[in-house]
Amino acid sequence: MYSNDLYSLHDAIPVEEIRYDERGLVPAIIQDYLDGTVLMMAWMNRESLQKTLDTRETWFWSRSRQELWHKGATSGHIQKVQSIRYDCDSDALLISVEQVGDIACHTGERSCFHQVDGKINPPPGDTLSQLFQVICDRRDNPTEGSYTNKLLAGGDNKILKKIGEETAEVVMAFKDDEADAIAGEVADLLYHTLVALAHHQVDLTAVYRKLQERRR
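Because the structure is predicted, anything quoted here is derived from the model rather than measured. Every chain is numbered on its own, with residues counted from 1 as its sequence reads. Confidence filtering applies because this is a predicted model: local features only for residues at pLDDT of at least 70, side-chain atom pairs given and counted only at 80 or more, and all residues used for totals across whole chains, interfaces and linings. The side-chain quantities take in all heavy atoms of the structure and omit both hydrogens and water.

1. Considerations on the packing of helix 3 (residues 127–140) against helix 4 (residues 147–176)
(1) Moving on: Relative orientation of the contacting elements helix 3 and helix 4 amounts to 60°, with a least axis distance of 9 Å. The element helix 3 and its partner helix 4 pack so that their crossing is right-handed. Note on element contacts: helix 4 touches helix 3 through Thr148, Asn149 and Leu152, opposite Ile135, Arg138 and Arg139.
(2) Moving on: Here the residues of the contact of helix 3 with helix 4 sort into two nonpolar, two polar and two charged. The angle between two axes is taken between their N-to-C directions and runs from 0 to 180 degrees, where each axis is a line fitted to C-alpha atoms and a helix contributes only its stretch in contact. Helix numbers and strand numbers start at the N terminus; a helix is a DSSP run of H or I with at least 4 residues, a strand a run of E with at least 2. Each crossing gets its handedness from the near helix: less than a right angle anticlockwise from the far helix is left-handed, clockwise is right-handed. Contacts between residues were defined by any pair of non-hydrogen atoms, one from each residue, lying within 4.5 Å. Asp, Glu, Lys and Arg are counted as charged, while Ala, Val, Leu, Ile, Met, Phe, Trp, Tyr, Cys and Pro are counted as nonpolar; the rest, among them Gly, fall into the polar class.

2. Remarks on the nonpolar core
(1) Moving on: Think of a nonpolar core as a cluster: buried Ala, Val, Leu, Ile, Met, Phe, Trp, Tyr and Cys residues, connected wherever their side-chain atoms sit within 4.5 Å. Exposure is judged per residue with a 1.4 Å probe applied to protein chains only, and the accessible area is read against the type maximum: over 50% gives exposed, under 20% gives buried, and values in between give partly exposed. In this structure, Ala28, Ile30, Met44, Leu49, Phe60, Leu93 and Ile95 are the most contacted members of the largest nonpolar core, which totals 20 residues.
(2) Moving on: Those elements that place two or more of their residues in this core are strand 1 (26–32), strand 2 (38–44), helix 2 (46–55), strand 5 (79–86) and strand 6 (93–99).
(3) Moving on: Looking at which element gives the most residues to this core, the answer is strand 2, with four residues.
(4) Moving on: Once you skip the residues sitting within four places of it in the chain, Leu93 turns out to touch Ile18, Val26, Pro27, Ala28, Ile29, Met44, Leu49, Arg85 and Tyr86.
(5) Moving on: Core analysis: the next-biggest nonpolar cluster, separate from the first, contains 17 residues, Ile135, Cys136, Ile159 and Val195 among them.

3. Let's talk about a nonpolar patch on the surface
(1) Moving on: Like charges within 9 Å and nonpolar side chains (Val, Leu, Ile, Met, Phe, Trp, Tyr) within 5 Å are joined into patches, using only residues over 30% in relative accessible area that form no salt bridge. The Shrake-Rupley method, run with a 1.4 Å probe sphere, supplies the accessible areas, and residue values consider only the shown protein chains as cover. Salt bridge, as used here, is a side-chain nitrogen of Lys or Arg placed within 4 Å of a carboxyl oxygen of Asp or Glu. A surface patch of nonpolar side chains, about 310 Å² in accessible area, is lined by Ile29, Val38, Met41 and Phe113.
(2) Moving on: For Ile29, the location among the structural elements is in strand 1.
(3) Moving on: The partly exposed category is assigned to Ile29, whose relative accessible area is 31%.

4. Some words on the confidence of the model for the protein chain
(1) Moving on: Confidence of the predictor at the level of single residues is captured by pLDDT, which takes values from 0 to 100. Looking at the protein chain as a whole, the pLDDT averages 93, with 94% of positions reaching at least 70.
(2) Moving on: Note on residues 1–7: pLDDT under 50 across the span, and 20 contacts to partners over four residues away in sequence or across chains.

5. A short note on a negative patch on the surface
(1) Moving on: Counted charges follow a simple rule, with Lys and Arg positive, Asp and Glu negative, and His plus the chain ends left uncounted. Charge placement uses NZ in Lys and CZ in Arg. For Asp and Glu, CG and CD serve respectively. A grouping of Asp176, Asp177, Glu178 and Asp180 is seen on the molecular surface, where their side chains present a negatively charged patch.
(2) Moving on: Tracing the chain through its elements places Asp177 in the loop between helix 4 and helix 5 (179–199).
(3) Moving on: Given a relative accessible area of 62%, Asp177 falls into the exposed group.

6. Looking at the pairing of strand 2
(1) Moving on: With five of seven residues buried, strand 2 is to be regarded as a mostly interior element.
(2) Moving on: Two strands qualify as a pair provided DSSP detects at least 2 bridges between them. Examined bridge by bridge, strand 1 and strand 2 share six bridges and lie antiparallel to one another. Within strand 2, the position partnered with Val26 by the bridge is Met44.
(3) Moving on: Here strand 1 hands over to strand 2 after five residues, with Gly36 in that stretch at a positive phi of 80°.

7. As for the environment of Ile103
(1) Moving on: By the secondary structure assignment, Ile103 is in the loop between strand 6 and strand 7 (115–116).
(2) Moving on: Considering only alpha carbons, one finds Ile103 and Leu39, 64 residues apart in sequence, at a separation of 8.5 Å.

In structure tokens form, the structure reads like this:
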């Protein structure tokens, strides 16, 4: 189920029909609404789910403290609910949120799922976000022989020239109506546009937010 307003959120999520476990709990996966990054997993009961619907901010049930807790009440890193879905068995929730401060984990990381082989590693989002992270890493930690670093070293003159060239190639691919060529040329244009964003220190999430605003 998907909703963009509070009233239909209430209509879409049947609190009493969710299949809670023997403890009266249901797992809730929290996901960034812009790029799909999985931020955390926590438990909800009927009351916390109802408070989440009522306030449109996430509330959970603490198994250790045996009490409700409002995500971000202390840190300020609240989660503004954008949509709630439940699975085919009605025994798990998927909640898309706007994460205030871009920090969901108590360690200060964006996501609780940030460890790979014991090392801190940003969690994956969508393909564009992952590519943008690589480009930003090249910007901040140049790698010898990197094409991205060659573009960045050339500044606007080189980067914007490539965007112009790639735009023309996209137009020609559409004119030729070749699906594979279209996909390839659009991919090239997206890559070079991401390089320009990184060069100008504009985060990709700012673009996503603009798209969300216009969608509404």
